[in-house]
Amino acid sequence: MSEAAQTLEGWYALHDFRTIDWQAWKAASEEERTQATDELHVYLKLWDHVNEMKQGSTAVYTIIGQKADLVFMHLRETLEELNALENAFNKTSFAKFTKPTYSYVSIVELSNYMGQPGVDPLQVPEVVARLKPTLPKANHICFYPMNKRREGNDNWYMLSMDDRKAMMRSHGLIGRQYAGKVKQIITGSVGFDNWEWGVTLFADDALQFKKLVYEMRFDEVSARFGEFGEFYVGNLLTEAKLSELLSV
Ligand code: 76R
């Protein structure tokens, strides 16, 4: 049996994708719409407060294309909290005008492939900060789930630790060239959801998602072992953009 990578886990993650039922929204009375919008604002404020208190973090983006209209990405200490906030949102009068389209359950994960021998990662402040990150207010988000292949000679899980380390080093070196342009949050989802990882990227310039993901396709770990789910790309939903979005 090959050696499992050691992983560190941080906050649990829920990516909650919704579409807006525009027909119902347009058919609703002005009063109903105002109440729904006000309730949504209350939740956005509440989530901002959670961010400020560093008890979790929530990002809200609009999604381009027909897979969804909105994503709420929530990071919290426990699955109970994620479940509670999902249910609380579902009970709002705004939720009545949305339909769930996709969700993803995972946990912020760092693996030890790039770790320094003899250093306890939990004593490194940058590592601890990355496990419980405040989600950035970048202009754009990109999310997709992925697996590492397990087929014939391309079985990631049968490779030695040294081989995997070498490939992850090359992966990390490509990633580092995008430092300052793309922020990645890797969430592990083995045992929680249908894929092995969620990849969430944030950038001010959405084109950098394409550049980074494309460059990685040529790198062995993605070229041989990467299997990908559906891609979602979105724009930051600010308070001003929300009013614009919901005005009919
Ligand atoms: O954590 C670190 O920054 C150390 C290096 C590193 C690890 C261990 C790293 C760096 N990643 C790691 C793990 Mn990554 N990453 C992806 C994708 O589309 C694709 O081809 C793959 C999707 C992107 C775009 C990306 C970006 N990474 C992982 C893992 C877990 C693997 C395992 O445990 O087997 C996955 C699934 C994964 C996938 N990676 C980086 C990036 C970027 C931008 C970096 C540099 C981060 C930085 O230095 O700030």
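Since the model is a prediction, treat every value here as computed from it, not as a measurement. (Residues numbered from 1 in each chain as written. Predicted model: local features only at pLDDT ≥ 70, side-chain atom pairs only at ≥ 80, totals over all residues. Heavy atoms only, no water.)

Caption draft 1: Structural detail: the packing of aromatic side chains. Scanning the model with the defined rule gives 21 aromatic pairs in all. Among the aromatic residues, those joined into a ring-pair cluster are W25, Y43, W47, F72, F89, F94 and F97. Between K67 and the ring centre of Y232, over which it is positioned, the NZ or CZ distance is 5.6 Å. Sitting above the plane of the W156 ring, K148 keeps its charged end 4.0 Å from the centroid. (Phe/Tyr/Trp six-rings, centres within 6.5 Å; stacked < 30°, edge-to-face > 60°. Lys NZ or Arg CZ within 6 Å of the ring centre and 35° of its normal.)

Caption draft 2: Structural context of the coordination of the manganese atom of the ligand. The sole protein-derived ligand of the manganese atom of the ligand is H171 (NE2), positioned 2.2 Å away. Examined against the element boundaries, H171 turns out to sit in helix α5 (residues 161-176). (Donors = N, O, S within 2.8 Å, 3.2 Å for Na, K, Ca; no water. Helix = DSSP H or I, 4+ residues; strand = E, 2+ residues; numbered from the N terminus.)

Caption draft 3: A look at the UniProt feature "active site" (unreviewed entry) in the protein. Using the residue numbers shown here, the UniProt feature "active site" (unreviewed entry) corresponds to Y144. On the accessibility criterion, Y144 (6% relative accessible area) is buried. Setting aside residues up to four positions removed in sequence, Y144 forms contacts with W197, G198, V199, L201, V213, F228, E230 and F231. (UniProt positions renumbered as here; feature names shortened; annotations may be inferred. Buried < 20%, exposed > 50% of the residue type's maximum accessible area, 1.4 Å probe, protein only. Contact = heavy atoms within 4.5 Å.)

Caption draft 4: Quick peek at the UniProt feature "binding site: Fe-coproporphyrin III" (unreviewed entry) in the protein. UniProt records the feature "binding site: Fe-coproporphyrin III" (unreviewed entry) for R130, Y144, P145, M146, N147, K148, H171, Q184 and S222 in the present numbering. These annotated residues cover 93 residues of sequence, and their C-alpha atoms reach 22.8 Å apart at the extreme, placing them across more than a single site. Structurally, M146 can be placed in strand β5 (residues 140-148). For M146, a relative accessible area of 12% corresponds to the buried category. Setting aside its immediate chain neighbours within four residues, M146 contacts W195, E196, W197, V199, G226, E227 and F228. Tracing the backbone shows S222 in helix α7 (residues 220-225). Apart from residues lying up to four places away in sequence, S222 is in contact with M216 and R217. Polar side-chain contacts of S222 include one of 3.4 Å to the backbone oxygen of M216. (Polar contact = N/O pair within 3.5 Å; in protein donor to acceptor, adjacent residues only side chain to side chain.)

Caption draft 5: Representation of the side chain of N155 in the model. The residue N155 is located in strand β7 (residues 154-155) in this model. Polar side-chain contacts of N155 include one of 2.9 Å to the backbone nitrogen of Y157. Other than its neighbours up to four places away in sequence, N155 contacts R149, R150 and F225.

Caption draft 6: The arrangement of helix α3 (residues 79-90) in detail. Taking 1.5 Å of rise per residue, the 12 residues of α3 would be expected to cover 16 Å, and the 16 Å separating its terminal C-alpha atoms lies within 8% of that figure. Within α3, burial applies to L82, L85 and F89. Along α3, the residues classed as buried sweep out an arc of 70° about the axis, all on the same side. Looking at the buried side of α3, the elements it contacts are β1 (7-20), α2 (30-52), β3 (70-76) and β4 (98-111). (Expected span 1.5 Å × (residues − 1). Arc of directions from axis to C-beta.)

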